[in-house]
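So you can see what is in the structure, the chains are spelled out below.
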Amino acid sequence: MQTGAASNDERRTRMADPIHQFEIHKIFTLGHIGNQEIAFTNSSAYMLGAVAVVSLLMLGGSAGRNLVPTRMQSVAELSYEFVRNMLKDSVGEEGMKFFPFVFSLFMFILTANLIGIIPYTFTVTSHLIVTVALALMVFLTVLLYGLYKNGFKFFKLFVPSGIPVYMLPLIMPIEVISFLSRPVSHSVRLFANMLAGHITLKVFAGFVTSLSALGALGIFGSVLPLAMTTALTGLELLVAFLQAYVFAILTCIYLNDALHPGH
């Protein structure tokens, strides 16, 4: 009985812990590379789930092509036009070759963010390793394509036009450091916003649960935390979209540097 009571107390403590929601759990083992285990985790499952949702949305939205669009078709077309216009305005017609890349990033991040708002789910973008992987993918795409397309002219990126020659020894190191730090700011911005938002939601939801257990007076006192939780949930919906948009628009800006270095 003591073991069962201790187990229940531990479970309640873990549920009240705002960090517990970010824990990664192994579902099954895929194999081993040397002594390193390769596991399929809850994070892997939610990433595959996000990909599946986006795939179903786009396939379902483009299957009928009705003159009067269905809701799914409208969402798919609005998503397509939104990213297309964002990329075209930022990079120009030449940048449309990167549309599949930018569109996939935007939809994956947006879907993963929205799934994470659902109670008892998992937010993959609240893990730095995921956002760093996405940011490094963008960084390497910009670097490699910029060198492939422009050769050594790509390094004009570090020499802003109109800068006096005597200022170059000061400006160039700053530009290089700024360029190399892009993956850091690109990844931490998304990670930190999603992490902080979900911790705040969990804290206020914990207040509601704790106060409700105190009886009638506690229920009355939990009204304000409940209202704050509801408002924060709405704010998190906005943040989920904004962070996907910011990540995508920064990707477009960086791709513009690869296509037009020094402009």
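Owing to the predicted nature of the structure, the values given are computational and were not obtained by experimental measurement.

*Asks:* Help me out: how do you make sense of the packing of helix H3 (residues 71-91) against helix H9 (residues 223-259) in this one?
*Replies:* Any two packed helices are characterised by the angle at which their axes cross and by the distance between the axes. Two elements in contact, H3 and H9, have axes whose closest approach is 9 Å; the angle formed by their N-to-C orientations is 35 degrees. H9 is crossed by H3, and the crossing has right-handed handedness. Counting all contacts with H3, which are made through Phe82, Met86, Leu87, Ser90 and Val91, the residues of H9 involved are Phe241, Tyr245, Ala248, Ile249, Cys252, Asn256 and Leu259. Taken together, the residues that form the contact of H3 with H9 break down as 10 nonpolar, two polar and no charged.

*Asks:* Got a minute to help me understand the packing of aromatic side chains in this structure?
*Replies:* The geometry of an aromatic ring pair is captured by the separation of the ring centres together with the interplanar angle, meaning the angle of the planes. On inspection of all chains with the given rule, the structure shows 16 aromatic pairs. When the centroid spacing of 5.8 Å and the interplanar angle of 50 degrees are considered together, the rings of phenylalanine 82 and tyrosine 245 count as tilted. Taken as a pair, phenylalanine 82 in helix H3 and tyrosine 245 in helix H9 lie far apart in primary sequence, 163 residues in all. Pairing phenylalanine 99 with phenylalanine 103 gives two aromatic rings, centres 5.4 Å apart and planes at 25 degrees, and the pair type is stacked. Separated by four residues within a single helix, phenylalanine 99 and phenylalanine 103 lie in helix H4 (residues 99-117), roughly one turn from each other. Residue classification places phenylalanine 99 among the buried positions, given a relative accessible area of 11%. Residue phenylalanine 103 is classed as buried on the basis of its relative accessible area, which comes to 10%. Within the aromatic cluster, the residues linked to one another by ring pairs are Phe139, Phe152, Phe154, Phe155, Phe158 and Phe179.

*Asks:* Would you mind showing me how to read helix H5 (residues 128-150) here?
*Replies:* An ideal rise of 1.5 Å per residue puts 33 Å on 23 residues; H5 measures up with 32 Å between its terminal C-alpha atoms. Along H5, the residues classified as buried are Val130, Thr131, Leu134, Ala135, Val138, Phe139, Val142, Tyr145, Gly146 and Asn150. Count one or two residues on from H5 and you reach glycine 151, which has phi positive near 65 degrees.

*Asks:* What exactly am I supposed to notice about the pairing of strand E2 (residues 36-41) here?
*Replies:* Two faces make up the sheet, and in a regular strand the side chains alternate between them. Relative to E2, strand E1 (residues 26-33) runs antiparallel, the two sharing six bridges. In the sheet register, lysine 26 faces E2, and the bridge partner there is threonine 41. What sits between E1 and E2 in their antiparallel hairpin is a turn of two residues, with glycine 34 showing a positive phi close to 65 degrees.

*Asks:* What's the story with the side chain of aspartate 257 in this structure? I'm lost.
*Replies:* Mapped onto the secondary structure, aspartate 257 falls in helix H9. For aspartate 257, a relative accessible area of 12% translates into the label buried.

*Asks:* Mind showing me how you'd approach the side chain of histidine 127 here?
*Replies:* Position of histidine 127 relative to the elements: it lies in the loop between H4 and H5. Taking relative accessible area as the criterion, histidine 127 reaches 13% and is therefore assigned buried. Setting aside anything within four residues of it in sequence, one finds histidine 127 in contact with Phe22, Ile24, Phe122 and Phe191.

*Asks:* For this particular structure, what's the right way to read the confidence of the model for the chain?
*Replies:* As a note on interpretation, predicted positions should not be read in detail where pLDDT is low. When pLDDT is averaged along the chain, the result is 84, and 86% of the positions lie at 70 or above. Confidence scores differ between elements of the chain, with helix H1 (residues 2-16) showing the lowest mean pLDDT of 50 and H4 the highest of 95. When the criterion is pLDDT under 50, residues 1-7 qualifies, and its contacts beyond four places in sequence or with other chains add up to zero contacts.

About the criteria used
- Residues numbered from 1 in each chain as written.
- Predicted model: local features only at pLDDT ≥ 70, side-chain atom pairs only at ≥ 80, totals over all residues.
- Heavy atoms only, no water.
- Axes fitted to C-alpha atoms, helices over the stretch in contact; angles between N-to-C directions.
- Helix = DSSP H or I, 4+ residues; strand = E, 2+ residues; numbered from the N terminus.
- Left-handed = near helix turned anticlockwise from the far one by under 90°.
- Contact = heavy atoms within 4.5 Å.
- Nonpolar A, V, L, I, M, F, W, Y, C, P; charged D, E, K, R; others polar.
- Phe/Tyr/Trp six-rings, centres within 6.5 Å; stacked < 30°, edge-to-face > 60°.
- Buried < 20%, exposed > 50% of the residue type's maximum accessible area, 1.4 Å probe, protein only.
- Expected span 1.5 Å × (residues − 1).
- Pairing = 2+ DSSP bridges.
- pLDDT = per-residue confidence, 0-100.

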